[in-house]
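Residues per chain are reported as follows:
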Amino acid sequence: MKIYVSGKITKLSRIETKAATSFFAELLMSQRLIKNLIIKVKYIKDKQPRGLCVWMDNNIRPKEFEIELSNKFGRRSLLISLAHEMVHVKQYTKGELIDLLSAKYSSYSKFRNINYNTDEVEYFDQPWEIEAYGRELGLYERYINHLKNNK
């Protein structure tokens, strides 16, 4: 896996960003899937703290991703947000989540073989978000415990 970090970082170093990204990937995916991934973590100035994961190469089982994280987050929130976005990387990489692309289906995503109109399903009711929010804190806690145990 190749990890690139760009943008102005205030609360988390580039080294730790790469280490946490790698740690989350290893918990979520097999080594076979991880070895071909390219992940670009980009810290952006944003008025609202947020994170975003976008595939960059192909909508079906992509291997290249850009994760945007607001530099307004503190360290803990950055790591939790990164964990959340890495769940989306896992979903896309494993083919669990597919953004359907065409004039007819531009607002549709397929999650575990069920089509969802993202204009009609509230953000927090989208099953891929339910999974990501459900796993983010556990992934973060495992990362923090990993740091404590390996000092």
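Up top you'll find the structure we're talking about.
Heads up: these notes are all about the structure in this document. (Residues numbered from 1 in each chain as written. Predicted model: local features only at pLDDT ≥ 70, side-chain atom pairs only at ≥ 80, totals over all residues. Heavy atoms only, no water.)

To continue, consider the pairing of strand β5 (residues 97-100). Both faces of β5 are covered, namely the face carrying L97 and D99 and the face carrying I98 and L100. Sheet topology places β5 next to strand β6 (residues 108-111); 4 bridges connect them, and they run antiparallel. In the strand pairing of β6, I98 is matched with K110. (Buried < 20%, exposed > 50% of the residue type's maximum accessible area, 1.4 Å probe, protein only. Helix = DSSP H or I, 4+ residues; strand = E, 2+ residues; numbered from the N terminus. Pairing = 2+ DSSP bridges.)

What follows concerns the packing of aromatic side chains. As enumerated under the stated definition, the model contains 9 aromatic pairs in all. Geometrically, the ring pair formed by F23 and Y143 is edge-to-face, given 5.5 Å between the ring centres and 65° between the ring planes. Pair noted here: F23 is in helix α1 (residues 14-28) and Y143 is in helix α4 (residues 127-149), with a separation of 120 residues, a long-range link. Take Y143: its relative accessible area is 2%, and that puts it in the buried class. Taking 5.4 Å as the distance between ring centres and 45° as the angle between the ring planes, the aromatic pair formed by F124 and Y133 counts as tilted. (Phe/Tyr/Trp six-rings, centres within 6.5 Å; stacked < 30°, edge-to-face > 60°.)

Bridge analysis of strand β1 (residues 2-6) against strand β2 (residues 38-44) gives 5 bridges, and the strand direction is parallel. If you follow I3 over to β2, its bridge partner there is I39. Looking at chain direction, β2 and strand β4 (residues 64-70) are connected through 7 bridges and run parallel. Within the sheet, the bridge partner assigned to I44 lies in β4 and is S70.

This part covers the packing of α1 against α4. Direction vectors running N to C along α1 and α4 enclose 115°, while the axes themselves pass 10 Å from each other. The crossing of α1 and α4 is right-handed. Contacts between α1 and α4 involve E16, A19, A20, F23, F24, L27 and L28 from the former and R135, L139, Y140, R142, Y143, H146 and L147 from the latter. Residues that form the contact of α1 with α4 fall into these classes: 10 nonpolar, 1 polar and 3 charged. (Axes fitted to C-alpha atoms, helices over the stretch in contact; angles between N-to-C directions. Left-handed = near helix turned anticlockwise from the far one by under 90°. Contact = heavy atoms within 4.5 Å. Nonpolar A, V, L, I, M, F, W, Y, C, P; charged D, E, K, R; others polar.)

With that settled, consider the side chain of D99. Among the secondary structure elements, D99 is positioned in strand β5. K110 provides the closest opposite charge to the buried, salt-bridge-free D99, at an N-O distance of 12 Å. Of the polar contacts made by the side chain of D99, one reaches the side chain of W55; its length is 2.8 Å. For D99, the residues in contact, after removing those within four places along its chain, are W55, N59, Y92, Y108 and S109. (Lys, Arg positive; Asp, Glu negative; His and termini not counted. Salt bridge = Lys/Arg side-chain N within 4 Å of Asp/Glu carboxyl O. Polar contact = N/O pair within 3.5 Å; in protein donor to acceptor, adjacent residues only side chain to side chain.)

A full pass over the atoms with the stated rule returns 9 salt bridges. For the salt bridge of R50 with E68, the shortest nitrogen-to-oxygen distance reads 3.3 Å. You can see R50 sitting in the loop between β2 and β3 (51-55) and its partner E68 sitting in strand β4, a full 18 residues away along the chain. Put simply, E131 and R135 hold a salt bridge, and the shortest N to O gap is 3.8 Å. Of this pair, E131 and R135 are both found in helix α4, 4 residues apart, which corresponds to roughly one turn of the helix. For E131, a relative accessible area of 14% translates into the label buried. It is possible to trace a salt-bridge network through shared partners that takes in K90, E96, R112, E131 and R135.

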